[in-house]
Amino acid sequence: MKNNYLMNLLTLAVLFIGVFCQAQTESVLIPQTGYLAGMGKVAVIRVPADSFWVTSAGNKVVLKGKLSENKEWSFSGEKVQLADLSVISAVGDYTLSIRGTNQSRVFGIYQDPYGLLANAAVKALYYNRCSYPILPEFGGKWARKAGHPDTKVYVHASAATEARPEGFELSSPGGWYDAGDYNKYIVNSGISTYTMMLAWDMYPEYWKSRNLNIPESCNGLPDLVDEMLYNLRWMLTMQDTDGGVYHKCSTLQFEGFVMPDEAKNKRFVIQKNTAASLDFAATMAHAARLLQPFSKELPGLADSCKKAAVKAWEWCRLNPAILYTQPKDVGTGAYGDNNISDEWFWAGVEMSLLTNSAFPDSLLEKLEFKTPTWNNVGQLGLITALTNKGQLSAETIDRCNNRFMQYADKLIAIANNAAYPVSLDFFAWGSNSDVANQGLLKMVAYEVSGDKKFLQSAINDMNYLTGVNPTGYCYITGFGEKSSMNIHHRPSGADGIVDPVPGFLAGGPNTVVMTDCPDVKRSKFPALSYVDELCSYSTNEIAINWNTPLVFLAGAVSYAGTLRY
Ligand code: 9MR
């Protein structure tokens, strides 16, 4: 009896502490993997107050400061204030306390708060390899059997030609599973593979020394490049003999939440189209140049990429506007895109660098450049142009630079005015990847201009993803004290292991689909509308095109904190 009473009391106490701590955690938002030592650091405060103080681990007060004016963020329907902690630069653990409230939070300052995360973001792609067993020595408790050999996939009616009629068998093994589903899509693979290549192009010194403990780690190539190659090689299998490229290698409908080796439905290559072929041409053209220095380790591969790029490009010139339409019997990801002028621009830039063909000048003027996504790839063309200056005329570079920097400046202006210091002005499906891609653009702007405001803003983007956001989540699995746990990812859902596969960026809040978890009440504010439940395919899925900008950004800011300064 007495024991029962004590137990109840204990339970109540635990509940109370739980609720209390929760409230505390939510009121003071800090990046949960730590701040980067030598750079600016802001915390977002969600209780009204005037000032704050910071104590070091030894309980010494190291900073007293005023909070900024409060500002409203319409995306989360709240007013918040900022605590500027920038003057503290000594590595260590600290406590930030808000005067006049009982709110405080422990935070860390480190030389390299993003290095492990950068590694894990690449490793997540390894965990998502198709046709591949994840062995315990590389995958730890997330080891699993290989799934989807894809050595026999079938030509779908929508892709049938005389040479390859409906039902024709071909082999399309390897590549990464696109996301939480087990299918493989060319348009999404294009931007994802490119983003990995860009990370290598821009930060070779950083990436060449990173050991990710993947099976290829000792093959003499950088692990980042090895992981990229796993998807690139699959992409090569998706080209038809006439040069056109299939949209996807997919089952007719999504598989259930089972492990890869248990998902055995027939797979098809579906409908060639111009967007897929342009993305393919751009990616292969870029790869052909990137792989040149590795011709000893990878004999013939750069050449094969070049041939594939030229063939796809020629096909596009003959078939300039074939858009993907989802066949009636197919229900997997559509990735349909009705505006492909940005794809024409990106592929045009890559082809012009590869084969000395004309630069797509008219598109450079006409296009509206946006934050990169699978259906908005114009910026990738600008980035390639700006990072390969040598081969283009000074006048072309100037024009690319103007267009690119105009957009980068716009991002900074948005972040400077926003209550949360990020550049989002819309919450799309995969909003977190927009933050990551905006961070990527800022890092490119930083490299191009040398202006540190871009680096600082990219770091703020990283901090948003690791906890300085209205939900208080660190959106990267396996990192932070409150991180996404129940991602919409078939292996994570089916493996019987509590912890999700680590290193994945959850898609993030948005209000596009409010009904994916019918039993969960969703906030109408887009920045708060995130559900850490497996059912939430619209906010809690993971995807290769969301993880690769995280790879780029985490690596770039980790480089800034370590090798660079
Ligand atoms: O990322 C895609 C997003 O932009 C679309 O709005 C959404 C709905 O069509 O689809 C997303 O992509 C999904 C793809 O179709 C299938 N694999 C999972 C992708 C991430 O949710």
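Up top is the structure these notes are about.
Quantities reported herein were computed from a predicted structural model and do not represent experimental measurements.

> How should the nonpolar core be read in this particular structure?
Nonpolar side chains in soluble globular proteins tend to be buried together. Counting residues in hydrophobic clusters, the biggest one holds 157 residues, and the most contacted among them are Trp73, Trp207, Leu291, Met443 and Phe552. Judged by nonpolar contacts, the second largest core, of 20 residues, contains Ala37, Leu96, Phe107 and Ile109.

> Any chance you could explain the sheet that holds strand β4 (residues 51–56) here in plain terms?
The pairing of strands in a sheet comes from backbone hydrogen bonds and takes either a parallel or an antiparallel form. One open sheet accounts for five strands, arranged β2-β9-β8-β4-β5; its pairing is mixed. Every other strand in the sheet has two partners, leaving β2 (35–36) and β5 (61–66) as the edge strands with one partner each.

> I tried to follow the pairing of strand β3 (residues 42–45) on my own but got confused; where do I start?
Consecutive side chains of a regular strand alternate in pointing toward one face of the sheet and then the other. The alternating pattern of β3 places Val42 and Val44 on one face and Ala43 and Ile45 on the opposite face, and all of these are buried. Where strand β1 (residues 28–29) meets β3, two bridges bridge the pair, whose relative direction is antiparallel. The residue bridging Val28 from the neighbouring strand is Ile45, located in β3. Both β3 and strand β7 (residues 78–84) contribute to a ladder of four bridges, which runs antiparallel. Residue pairing for β7: Ala43 is matched across the bridge by Ala83.

> Please clarify how the site of the ligand should be interpreted in this entry.
Near the ligand, the surroundings consist of Asp178, Ala179, Asp181, Tyr185, Gly333, Tyr335, Trp374, Trp429, Glu541 and Trp546. Between a nitrogen atom of the ligand and a side-chain N or O atom of Asp181, the distance comes to 3.0 Å. In the complex, the protein chains occlude 77% of the 450 Å² of accessible area that the ligand would expose alone. Within the shell around the ligand, the residues separate by chemical class into six nonpolar, one polar and three charged.

> How should I be thinking about helix α12 (residues 394–417) in this particular structure?
Residue pairs three or four apart in sequence face the same way in an α-helix, which turns once every 3.6 residues. The terminal C-alpha atoms of α12, which comprises 24 residues, lie 34 Å apart, in line with the 34 Å expected from a rise of 1.5 Å per residue. Three or more residues of α12 are buried, namely Thr396, Ile397, Arg399, Cys400, Arg403, Phe404, Met405, Tyr407, Ala408, Leu411, Ile412 and Ala415. If you follow the buried residues of α12, they end up packed against α10 (361–366), α11 (378–386), α13 (431–449) and α14 (452–465).

> So what exactly am I meant to see when it comes to the environment of Pro260 here?
As for its placement among the helices and strands, Pro260 is situated in the loop between β13 (246–250) and β14 (268–272). Residue classification places Pro260 among the buried positions, given a relative accessible area of 1%. As a C-alpha pair, Pro260 and Lys41 span 219 residues in sequence and 42 Å in three-dimensional space. Setting aside chain neighbours within four positions, we find Pro260 in contact with Arg144, Gly147, His148, Tyr177, Tyr182 and Pro491.

> Help me understand the packing of aromatic side chains in this model?
Describing an aromatic ring pair means giving the distance of the ring centres and the angle of the ring planes. Summed over the entire model, instances satisfying the criterion amount to 27 aromatic pairs. Ring centres of Tyr132 and Tyr230 lie 5.4 Å apart, and the angle between their planes is 75°; on these two criteria the pair is classed as edge-to-face. One end of the pair, Tyr132, is in the loop between α2 (115–127) and α3 (136–139); the other, Tyr230, is in helix α6 (residues 223–236), with 98 residues separating them in the sequence. For the pair Tyr132 and Tyr230, one class covers both residues: buried. Judged by centre distance (5.9 Å) and plane angle (40°), the rings of Trp429 and Tyr537 are tilted. In this pair, Trp429 sits in the loop between α12 and α13 while Tyr537 sits in the loop between α15 (490–494) and α16 (544–564), placing the two residues 108 residues apart along the sequence. The class of Tyr537 is partly exposed, set by a relative accessible area of 33%.

> For this particular structure, what's the right way to read the packing of α12 against α13?
The description of two helices packed together rests on the angle between their axes and the distance between the axes. Two elements in contact, α12 and α13, have axes whose closest approach is 10 Å; the angle formed by their N-to-C orientations is 125°. Classified by the angle their axes make, α12 and α13 are oblique. For α12 against α13, the interelement crossing comes out left-handed. Contact residues: Asn401, Phe404, Met405, Tyr407, Ala408, Leu411 and Ile412 in α12; Gln438, Leu441, Lys442, Val444, Ala445, Val448 and Ser449 in α13. For the contact of α12 with α13, the residue count by class is ten nonpolar, three polar and one charged.

> Help me understand the environment of Asp181 in this model?
Tracing the chain through its elements places Asp181 in the loop between β11 (169–170) and β12 (184–185). Judged by relative accessible area, Asp181 falls into the buried class, the value being 4%. Through-space distance from the C-alpha of Asp181 to that of Ala543 is 8.9 Å; in sequence the pair is 362 residues apart.

> Help me understand a nonpolar patch on the surface, please; the structure alone is not making it clear to me.
A cluster of nonpolar side chains, contributed by Trp429, Val512 and Tyr537, occupies part of the molecular surface with about 280 Å² of accessible area. Classification of Trp429 by relative accessible area gives partly exposed; the value is 37%.

> Would you take a moment to explain the sheet that holds β7 for this structure?
One open sheet accounts for four strands, arranged β1-β3-β7-β6; its pairing is antiparallel. At either margin of the open sheet sits one strand with a lone partner, and together these are β1 and β6 (71–73).

> Teacher, can you tell me more about the side chain of Asp150 here?
Along the chain, the position of Asp150 falls in the loop between α3 and β10 (153–155). Of the residues examined, Asp150 reaches a relative accessible area of 5% and is grouped as buried. Other than its neighbours up to four places away in sequence, Asp150 contacts Cys130, Ser131, Leu170, Ser171, Ser172, Pro173, Lys184, Cys249 and Arg267.

> Would you mind showing me how to read helix α8 (residues 301–318) here?
With 18 residues, α8 extends 26 Å from end C-alpha to end C-alpha; this agrees with the ideal 26 Å at 1.5 Å per step. Every buried residue of α8 is accounted for by Leu301, Ala302, Cys305, Ala308, Ala309, Ala312, Trp313, Trp315 and Cys316. Down the axis, α8 shows its buried residues gathered within 160° of arc, on one side only. Of the exposed residues in α8, those oriented more than 90 degrees away from the buried face are Lys307, Arg317 and Leu318. Against the buried residues of α8 lie α6, β14, α7 (274–290) and α9 (341–355).

> Help me understand the pattern of salt bridges in this model?
Proximity of charged atoms lets side chains of opposite charge pair with each other. Under the counting rule described, the total for this entry stands at 19 salt bridges. Taking the shortest distance from any N to any O, the salt bridge between Arg267 and Asp150 comes out at 2.7 Å. On the criterion of sequence distance, the pair formed by Arg267 in the loop between β13 and β14 and Asp150 in the loop between α3 and β10 is long-range, its members being 117 residues apart. Each member of the pair, Arg267 together with Asp150, is buried. Two residues, Arg399 and Asp361, come together in a salt bridge whose shortest N-O distance is 3.0 Å. In this pair, Arg399 sits in helix α12 while Asp361 sits in helix α10, placing the two residues 38 residues apart along the sequence.

Criteria and thresholds
- Residues numbered from 1 in each chain as written.
- Predicted model: local features only at pLDDT ≥ 70, side-chain atom pairs only at ≥ 80, totals over all residues.
- Heavy atoms only, no water.
- Core = buried A, V, L, I, M, F, W, Y, C linked by side-chain atoms within 4.5 Å.
- Buried < 20%, exposed > 50% of the residue type's maximum accessible area, 1.4 Å probe, protein only.
- Pairing = 2+ DSSP bridges.
- Helix = DSSP H or I, 4+ residues; strand = E, 2+ residues; numbered from the N terminus.
- Near = heavy atom within 4 Å.
- Polar contact = N/O pair within 3.5 Å; in protein donor to acceptor, adjacent residues only side chain to side chain.
- Areas by Shrake-Rupley, 256 points an atom, 1.4 Å probe, with all protein chains shown as cover.
- Nonpolar A, V, L, I, M, F, W, Y, C, P; charged D, E, K, R; others polar.
- Expected span 1.5 Å × (residues − 1).
- Contact = heavy atoms within 4.5 Å.
- Phe/Tyr/Trp six-rings, centres within 6.5 Å; stacked < 30°, edge-to-face > 60°.
- Axes fitted to C-alpha atoms, helices over the stretch in contact; angles between N-to-C directions.
- Parallel < 35°, antiparallel > 145°, perpendicular 65-115°, else oblique.
- Left-handed = near helix turned anticlockwise from the far one by under 90°.
- Patch = residues over 30% accessible without salt bridge, like charges linked within 9 Å, V, L, I, M, F, W, Y side chains within 5 Å.
- Salt bridge = Lys/Arg side-chain N within 4 Å of Asp/Glu carboxyl O.
- Arc of directions from axis to C-beta.

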